[in-house]
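# Secondary and tertiary structure notes
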Amino acid sequence: MSHRIVTNNPLVREHYDNVIFIEGGYEDVLIKVRDLVHAGIELIDIPLGASIRMLLSPYRSILVGTEPGPMNTDQILLIEQSLLNYRTLTDRRNAEPQH
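Just so it is clear, the model here is predicted, and its values are computed rather than measured. The written sequence of each chain sets the order in which its residues are numbered from 1. For a predicted model such as this one, the threshold for reporting local features is a pLDDT of at least 70, and the threshold for listing and counting side-chain atom pairs is 80 or more; totals across whole chains, interfaces and linings nevertheless cover every residue. Hydrogens and water are ignored here; the side-chain numbers use all heavy atoms of the structure.

## With respect to the overall build of the chain
- Helix numbering and strand numbering both begin at the N terminus, where a helix is a DSSP run of H or I of at least 4 residues and a strand a DSSP run of E of at least 2. Looking only at helices and strands, the chain features four helices and three strands.
- Helices (α) and strands (β) of the chain occur, in sequence order from the N terminus, as β-α-β-α-α-β-α.
- For each residue, the accessible area found with a 1.4 Å probe, counting protein chains only, is set against the maximum for its type, and the residue is called buried under 20%, exposed over 50%, and partly exposed in between. The buried share among the 99 residues of the chain stands at 33%.
- When checking whether two residues touch, look at their non-hydrogen atoms; a contact exists if any pair is within 4.5 Å. Contacts spanning at least 24 positions in sequence make up 61% of the contacts within the chain whose residues lie at least 6 apart.
- The protein chains shown are the only cover counted for residues, whose accessible areas, like all others here, come from Shrake-Rupley with a 1.4 Å probe. When the accessible surface of the chain is totalled, it reaches about 6,400 Å², and 53% of it is carbon and sulfur.

## Considering helix H2 (residues 26-38)
- For a helix, the expected span equals 1.5 Å multiplied by the residue count minus one. Here H2 is 13 residues long and its end C-alpha atoms lie 19 Å apart, about the 18 Å a rise of 1.5 Å per residue gives.
- Along H2, the residues classified as buried are Tyr-26, Val-29, Leu-30, Val-33, Arg-34, Leu-36 and Val-37. Taken end-on, H2 shows its buried residues confined to a sector of 165 degrees, consistent with a single buried face.
- Once H2 finishes, Gly-40 follows within two positions and takes phi at roughly 95 degrees, a positive value. Throughout, the arc means the angular range of directions from the helix axis out to the C-beta atoms.

## Digging into the pattern of salt bridges
- A carboxyl oxygen of Asp or Glu within 4 Å of a side-chain nitrogen of Lys or Arg is what we treat as a salt bridge. Inspection of the entire model under this criterion finds three salt bridges.
- Residue Arg-34 pairs with Asp-35 through a salt bridge whose shortest N-O separation is 3.2 Å.

## So, the sheet that holds strand S3 (residues 61-64)
- Pairing between strands is defined by DSSP: at least two bridges between them are needed. A sheet is described by the order of its strands in space; here three strands give the open sequence S2-S1-S3, paired in mixed fashion. The open sheet has two free edges, formed respectively by strand S2 (19-21) and S3, since each of these has just one partner strand. Going across the sheet, the axis of each strand differs from the next one's by a mean of 25 degrees, ignoring polarity. Only the contacting stretch of a helix is used when fitting its axis, a line to C-alpha atoms as for every element, and angles between N-to-C directions run 0 to 180 degrees.

## Digging into the pairing of S3
- Every second residue of S3 is oriented toward a common face, the buried set being Ile-62 and Val-64 and the non-buried set Ser-61 and Leu-63.
- Here strand S1 (residues 4-7) runs beside S3; their pairing, made up of four bridges, is antiparallel. Within S3, the residue paired with Thr-7 across the bridge is Ser-61.

## Structural notes on the packing of aromatic side chains
- Any two of the Phe, Tyr and Trp rings considered here, Trp counted by its six-membered ring, make a pair once their centres fall within 6.5 Å; the pair's planes then place it as stacked at under 30 degrees, edge-to-face at over 60, or tilted in between. A full pass over the atoms with the stated rule returns one aromatic pair.
- Measuring from ring centre to ring centre gives 4.7 Å for Tyr-26 and Tyr-86, while their planes differ by 10 degrees; the resulting arrangement is stacked. Here Tyr-26, found in helix H2, pairs with Tyr-86, found in helix H4 (residues 73-95); they are 60 residues apart in sequence, far enough to count as distant. Each of the two residues, Tyr-26 as well as Tyr-86, counts as buried.

## Concerning a nonpolar patch on the surface
- A contiguous nonpolar patch, built from Ile-52, Leu-56 and Leu-89 and spanning about 250 Å² of accessible area, is present on the exposed surface.
- The topology assignment puts Leu-56 in the loop between helix H3 (52-55) and S3. Patch definition: residues above 30% relative accessible area lacking any salt bridge, with like charges linked at up to 9 Å and the nonpolar side chains Val, Leu, Ile, Met, Phe, Trp and Tyr linked at up to 5 Å.

Below, the structure is given as structure tokens:
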């Protein structure tokens, strides 16, 4: 299975050849992956991290396929829901008073 890494992490870009580097934040990586999935690229990795702490990291790397195929509605729903969840959590966090 061929794959690419969509990332905004400069260390990943330095150490791997098959990288789509995103100049931007976590949300920008999710948006790029969403666009690729809508174009028929396979989503190999889970888009969101396993914990809230991972969502607070400025970096995200997600594995995707290399060749377009038929659109996969389950993967489209997964990336769209991941983007919505990320925005909801970060909006809620930004609305909380800082101590």
